[in-house]
Amino acid sequence: SNRNGPMEPDVVVDLDGVHHSASWMNNIVKTMWPYIAEYATAIMKDSVEPSLQAAMPGPFKSIQFTHTQIGTNHLKVKRINFDTTRDS
């Protein structure tokens, strides 16, 4: 256990057939989640809402988000695969 709570279960990172632990990634996302949620809310209000208003027919052009949230449970990465056979 660390100061942010217990470590997340291991995430499998498959790099050329070798599996590596990436539980650190979920711990970073968990720590950053309040900031990610705040940013997502701003995107909804500042970008998505105006786009919806522009696309709506007359009476619905005043649509607006009064409350947005992506929740308090952070995104959890379960598996990451790297394809190293392709050129960049």
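Located above this text is the structure these notes cover.
Residues numbered from 1 in each chain as written. Predicted model: local features only at pLDDT ≥ 70, side-chain atom pairs only at ≥ 80, totals over all residues. Heavy atoms only, no water.

Inspection of the secondary structure assignment puts Glu38 in helix α1 (residues 23–55). When the C-alpha positions of Glu38 and Ile70 are compared, they lie 8.9 Å apart, and in sequence the two are 32 residues distant. (Helix = DSSP H or I, 4+ residues; strand = E, 2+ residues; numbered from the N terminus.)

Per the stated rule, a full pass over the model turns up one salt bridge. The salt bridge partner of Lys45 is Glu49, with a shortest N-O separation of 3.0 Å. Of this pair, Lys45 and Glu49 both sit in helix α1, four residues apart, which is roughly one turn of the helix. With a relative accessible area of 34%, Lys45 lands in the partly exposed category. According to the relative accessible area criterion, Glu49 is buried, its value standing at 9%. (Salt bridge = Lys/Arg side-chain N within 4 Å of Asp/Glu carboxyl O. Buried < 20%, exposed > 50% of the residue type's maximum accessible area, 1.4 Å probe, protein only.)

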